[in-house]
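# Coordinate inspection notes
Next come the chains, spelled out residue by residue.
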Amino acid sequence: MRFIAACVLSLASLPVFAADAEAVIEGFTANLSGLQGRFEQQVLDQNGTLKEQTSGSIALAVPRQLRWEYETPFPQLIVADGEHLFIYDPDLEQVTVRRQIEDEQQSPLLALIDPEERARQFTLKSAGLRDGLEWIELESKIEDAQIRTALLGIDGQTLSRMEFTDSLGQRTRIQFSKWLRNPSFEAGFFRFQVPANADVVGDYTPAAEVLPLGE
């Protein structure tokens, strides 16, 4: 799943106190309600050969909402509304739906803005300075996690890069840009409406709409 594979590389790190890492994260998340920006993603195999290169837009809202949209080379939309995770492939006309709590177990992006989930799922430590960024390493507390370690490159209140290796040995590198901090999201921005022509895979029953009497 691209969202899981896009969220979290074990590189050499400098042994610094975990408290420093928490201070960096707290500085990044101070007064944060949401983020909106762009990303470029590269996936490399075990030999370092580029397998895939994608780009698109991303939005996050505290504490557990996400909208991740691949634009090139093929469109795909991923929406986490706080309860469900939707993955829409317009070319296949298919929507995959899962309970969000099951998939966000391995999502450093969502854990980054949700302190309770971050403390429950990850151990943090500083990975030192590199490329002008303060690097934070998140190590999963989940024993059978597909992604054991993620690196986040932070510049003050800006998340610039993310790097991780999955259980298959694939390395993912993500470069973020054009962040807007605390934007005003329009109503329904993090709600996903299943297209009429799309097949739904997974257990999903949308909540019934309640209308006032007389309508």
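This section reports on the structure supplied with the text. Only a predicted model underlies this, so the values are computations on that prediction, with no experimental measurement involved.

### Let's talk about the overall build of the chain
A tally of helices and strands in the chain yields five helices and 12 strands. Counting every position in the chain, which comprises 215 residues, the buried fraction comes to 45%. Of the roughly 11,400 Å² that the chain leaves accessible, carbon and sulfur atoms contribute 49%.

### Overview of the pattern of salt bridges
Applying the stated rule across the entire model yields six salt bridges. In this structure, Glu 71 engages Arg 38 in a salt bridge whose closest nitrogen and oxygen atoms are separated by 3.0 Å. Separated by 33 residues along the polypeptide, Glu 71 in strand E3 (residues 65-72) and Arg 38 in strand E1 (residues 34-44) bring together distant segments of the chain. Residue Arg 38 is classed as partly exposed on the basis of its relative accessible area of 29%. Arg 130 is paired through a salt bridge with Asp 131; the nearest N and O atoms lie 3.7 Å apart. Take Arg 130: its relative accessible area is 28%, and that puts it in the partly exposed class. One salt-bridge network, in which partners are shared between bridges, spans Arg 130, Asp 131, Arg 161 and Glu 163.

### Observations regarding the packing of aromatic side chains
Using the criterion set out here, one finds nine aromatic pairs in the structure. Judged by centre distance (5.5 Å) and plane angle (85°), the ring pair of Phe 39 and Tyr 70 falls under edge-to-face. A residue pair is termed long-range when its members are at least 10 positions apart, and Phe 39 in strand E1 and Tyr 70 in strand E3 qualify at 31 residues. Overall, Phe 39 belongs to the buried group, its relative accessible area being 2%. Between the aromatic rings of Tyr 88 and Phe 192, the centroid separation amounts to 5.9 Å while the plane-to-plane angle is 55°, which identifies the pairing as tilted. With a gap of 104 residues between them, Tyr 88 in strand E5 (residues 84-89) and Phe 192 in the loop between strand E11 (171-181) and strand E12 (199-201) connect regions that are remote in the sequence. Like Phe 192, Tyr 88 is buried. Aromatic ring contacts, followed pair by pair, group Phe 39, Trp 68 and Tyr 70 into a single cluster. Geometry around Phe 189 places Arg 67 over its ring, the cationic atom sitting 5.0 Å from the centre. For the cation-ring pair, Arg 181 lies above Phe 28, with the distance from its terminal atom to the ring centre recorded as 5.8 Å.

### Thoughts on the pairing of E5
Within E5, five of the six residues are buried, which leaves the element mostly enclosed by the surrounding structure. Where strand E4 (residues 76-80) meets E5, four bridges bridge the pair, whose relative direction is antiparallel. Looking across to E5, one finds that Ala 80 is bridged to Leu 85. Count of turn residues in the E4/E5 antiparallel hairpin: three residues, of which Gly 82 carries a positive phi of about 105°.

### A look at the sheet that holds E12
Sheet architecture is open: 12 strands sit in the order E7-E8-E9-E10-E11-E1-E2-E3-E4-E5-E6-E12, paired in mixed fashion. A single partner strand is all that each edge strand has here, and the edge strands are strand E7 (122-130) and E12. Going from strand to strand, the sheet's axes swing by 20° on average, the running direction of each strand aside. Pairing between strand E8 (residues 133-140) and strand E9 (residues 149-155): six bridges, direction antiparallel. By the bridge assignment, Glu 134 is partnered in E9 with Ile 154.

### Regarding the environment of Leu 129
By secondary structure assignment, the location of Leu 129 is in strand E7. Given the relative accessible area of 65%, Leu 129 is considered exposed. When the C-alpha atoms of Leu 129 and Ile 154 are compared, they prove to be 9.6 Å apart, with 25 residues separating the residues in sequence. Apart from the residues lying within four places of it in its own chain, the contact partners of Leu 129 are Glu 134 and Trp 135.

Definitions and limits used
Residues numbered from 1 in each chain as written. Predicted model: local features only at pLDDT ≥ 70, side-chain atom pairs only at ≥ 80, totals over all residues. Heavy atoms only, no water. Helix = DSSP H or I, 4+ residues; strand = E, 2+ residues; numbered from the N terminus. Buried < 20%, exposed > 50% of the residue type's maximum accessible area, 1.4 Å probe, protein only. Areas by Shrake-Rupley, 256 points an atom, 1.4 Å probe, with all protein chains shown as cover. Salt bridge = Lys/Arg side-chain N within 4 Å of Asp/Glu carboxyl O. Phe/Tyr/Trp six-rings, centres within 6.5 Å; stacked < 30°, edge-to-face > 60°. Lys NZ or Arg CZ within 6 Å of the ring centre and 35° of its normal. Pairing = 2+ DSSP bridges. Axes fitted to C-alpha atoms, helices over the stretch in contact; angles between N-to-C directions. Contact = heavy atoms within 4.5 Å.

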